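The chain contents come next:
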Amino acid sequence: MDTHHEHHEHEGHAHHGNRVEDKRLITGAGKYASDWNAAGQLYGYFVRSDHAHAEIKALDMAAALKQPGVRHVFTGADAVAAGYTKPPHSLTIPGRNGTKALAPQRPVLAHGKVRFVGEAIALVVADSAAAAQSAAELIEIEYRDLPCVVQPEAALAAGAPQLHDDVPGNLSFEAETGNAQEVEAAFAQAAHITKLKVESTRVSPSPMEPRACLVAYDAANDSYRFNVVMQGVTTLRKQISAYTKMPEEKLIFEARDVGGGFGQRTVAYPEYCALMIAAKALGKPVKWVSTRVEAFLTDTHGRANIIDGELALDSKGKFLGMRLNWINDMGAYLSPGSVGHIRNTSVCMTGVYRIPALYATFRAPLTNCTPVGSYRGAGRPDIAYVVERLVNQAAMELKMDAAELRRLNFIPPDAFPYKTPTGSTYEIADLPGLLKKALKLGDWNGFAKRREQSAANGKLRGIGISTVIENTGAGNADKDEVELRLDSNGAIEVHTVSKAQGHGHETTFAAVVGDALGVSHEQVKIVQCAPGSMLQGNHTGGSRSAVGAGSVCHLAALKLIEEGKALAALEMKLEPSQINYAKGEFRSAESKRVVTLADLAKSKPVKVVAEGKFGSTFPNGCHIAEVEVDKETGAAEIVRYCAVDDCGAVINHAIVEGQLHGGVVQGVGQVFGEHIVYDRESGQPLSASFMDYCMPRAGMLRELRGEEHPTPSKISPLGVKGVGESGCTASLPVLVGAVIDALRPLGIKHLDMPLTPSKLWHAMQVAKA
Ligand code: MCN
């Protein structure tokens, strides 16, 4: 990647170094969930539904139970007997008129009915994984098929098949935000109204490491130990505790490396609880490793939103009001990650613009599909997508420059902190500055020439722009805690409950602590989610780790200095106020003695726990991309991608670049190929393997030119805002916008993702005809 940095005085902590975790990870020395084993462990295999919606009439396990090595087969009856039937869900925000979400029961193994292809029905446990799998094949299940519904609008229609008796009309949740009357008034005054209905397609986050879980039961303590993929211990522990009613301190988790998470590794899955039943009943640890197909069928999917939008403008192009109607497909059950794709969309609903009147409705149907959870951005890419597409569409209709229309409607720098119509407060941003830099970097004004050149080569060239803002930080935990432990060698261990899945926290958090203490980063070791630790804090998600855990790392270092001054003062027989600290040493004008950090821990290790609670920070960015569409094949190629981002002060430039690049490429995947498709008749998933589900390839984004435009946050003592999801949020609208711009001369105004060659080719044929 070719990235240009601009350096700013206020970047207190700026590092370019390689990540300390890389050597371990790229030389195969990482330890992932399936690398954990326990003496005497057994192996689990889940028998899964191949029907989208059916009653389970009979389950014959006799032949399976007779197979060599088979210990037992657990079913829905065991799940019901254990009481593991009520999954936690996060859709606890108030609904319309104070209503609550209707959360259906979900026994950890299906009982009586199945509601999506892939739902676990039985858990076969045997001495080997192969024995469990081959026995599973002998289990006979008699189903009585029920009509199914996989399309969210169809699920809400009158007469649709009903998934759950206690969720009438399949409507699990309904909400509204904003002010309907103000929007009515704004639309009544409008000189122009732009309308657009878009879909943010259902996708599978697809981290490299499939899920895996080893559960051991300790009868003496009535506790469970898990080796499992995770994004941090606290959320997972709470959710498993809620599902199983086991006290949190009886649930101990251990994970080392995690091969990607993207939100999908945050939540408690029913499989983990089913393994608890087996481990307890059989008195042996039980291990399960998901296959890739199981991952497609059962790991939470992302996005899955249909949004009908309208934007009202006055005669000069000023935005007057916006109306959005959302349908948020939840899948067959509410997952513990369900809230993200509703709540987050409303936090930044008016984007980077002054839109005085806003009204939005949400309806969240249940469908015979895999449950939906958070996926990188969790609602923010969806809202950015619809708002930015509406703005592009308006510019097109009004024959205005898309950048100029944005500039005209930006929240001006002096209006920050800015309160939005949905009650969020954007802290700080410099949107005109961001745009200016991006237009220059992307050579916006030189586009017409490049379009001509492409046309001469038989290609349709288009340009797209997105200016976006999103919320990062905050979180559900009461506070974020970090513990520092100092030993007699001066080594500093930093304990967090956040957990990197590839984000480089070992590098960035060590840099934060090392810098605050004025010691080398090598002296600082990051320990994430130590087993049994009851530190509180947020998991890694919502791009909140730098703002939350990272900031507390800084506070913990300052606290260590303060406590160190008191200890050093005792040694020097002085007052703490007489002690100064720098670079690992405590000194005083009153004494010749030097007390080092190591000296403090001479007799016993020194521990400090620091805490903090942080609100949302609002990273923002302007991305500009150009694509060329091949008229003969419909293939779209990204020929330029420029990104200017404001994630506040930067801890490590290389990591921030990597985060942006990864996020943008995930957007590239959704825009050009990734799509979970179900057969509407049978409810069978049609794209549940990498043969059918098109992940982005390295060649699809050959160059990303990036620049930073930081406006440091005061919410974090480090000045940071999150960056982990920014690329994803900005890339959907910019890339779709570029393709639509390329096809505009043919009269094409809208296409839904994914923009595959065949979709573009067909659209061009229809347009020509
Ligand atoms: N950082 C920095 N300077 C800043 C902000 C962040 O140097 N101003 C650094 C941080 O210290 C951290 C990294 O950038 O090392 C990302 O920080 P942050 O934005 O706080 O995000 P989180 O660490 O909380 O990561 C979560 C975010 C999310 S929500 C998803 S989804 C996602 C993502 O990060 N999943 C990822 N990036 C991912 N990257 C990898 N490799 N794998 C995933 O699963």
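Residues numbered from 1 in each chain as written. Predicted model: local features only at pLDDT ≥ 70, side-chain atom pairs only at ≥ 80, totals over all residues. Heavy atoms only, no water.

This part is about the packing of aromatic side chains. The final tally for this structure, using the stated rule, is 13 aromatic pairs. With centroids separated by 5.4 Å and ring planes inclined at 80°, the aromatic side chains of F319 and Y353 adopt a geometry described as edge-to-face. One end of the pair, F319, is in strand β14 (residues 319-328); the other, Y353, is in the loop between α10 (340-347) and β15 (357-365), with 34 residues separating them in the sequence. By relative accessible area, Y353 is classed as buried at 0%. Taking the centre distance of 6.1 Å and the plane angle of 15° together, the rings of Y353 and F410 count as stacked. Note that Y353 is positioned in the loop between α10 and β15 and F410 in the loop between α12 (402-409) and β16 (418-419), a separation of 57 residues in sequence. (Phe/Tyr/Trp six-rings, centres within 6.5 Å; stacked < 30°, edge-to-face > 60°. Helix = DSSP H or I, 4+ residues; strand = E, 2+ residues; numbered from the N terminus. Buried < 20%, exposed > 50% of the residue type's maximum accessible area, 1.4 Å probe, protein only.)

Turning our attention to the pattern of salt bridges. Here the structure, examined in full by the defined rule, presents 37 salt bridges. Between R461 and E628 there is a salt bridge whose closest N-O contact spans 3.4 Å. You can see R461 sitting in strand β18 (residues 459-469) and its partner E628 sitting in strand β28 (residues 620-630), a full 167 residues away along the chain. Its relative accessible area of 10% is what places R461 among the buried residues. In this structure, a network of salt bridges that share partners links the residues R48, R211, R265, E271, E294 and D299. (Salt bridge = Lys/Arg side-chain N within 4 Å of Asp/Glu carboxyl O.)

What follows deals with the site of the ligand. In the vicinity of the ligand there are 32 residues, among which G261, H505, S545, Q659 and V723 approach most closely. In the environment of the ligand, a nitrogen atom lies 2.7 Å from a nitrogen or oxygen atom belonging to the backbone of A649. One nitrogen or oxygen atom from the main chain of V723 is found 2.6 Å from an oxygen atom belonging to the ligand. In the complex, the protein chains occlude 96% of the 840 Å² of accessible area that the ligand would expose alone. The set of elements that each furnish at least two residues to the shell around the ligand consists of α15 (505-517) and α18 (653-672). The element best represented in the shell around the ligand is α18, accounting for 3 residues. (Near = heavy atom within 4 Å. Polar contact = N/O pair within 3.5 Å; in protein donor to acceptor, adjacent residues only side chain to side chain. Areas by Shrake-Rupley, 256 points an atom, 1.4 Å probe, with all protein chains shown as cover.)

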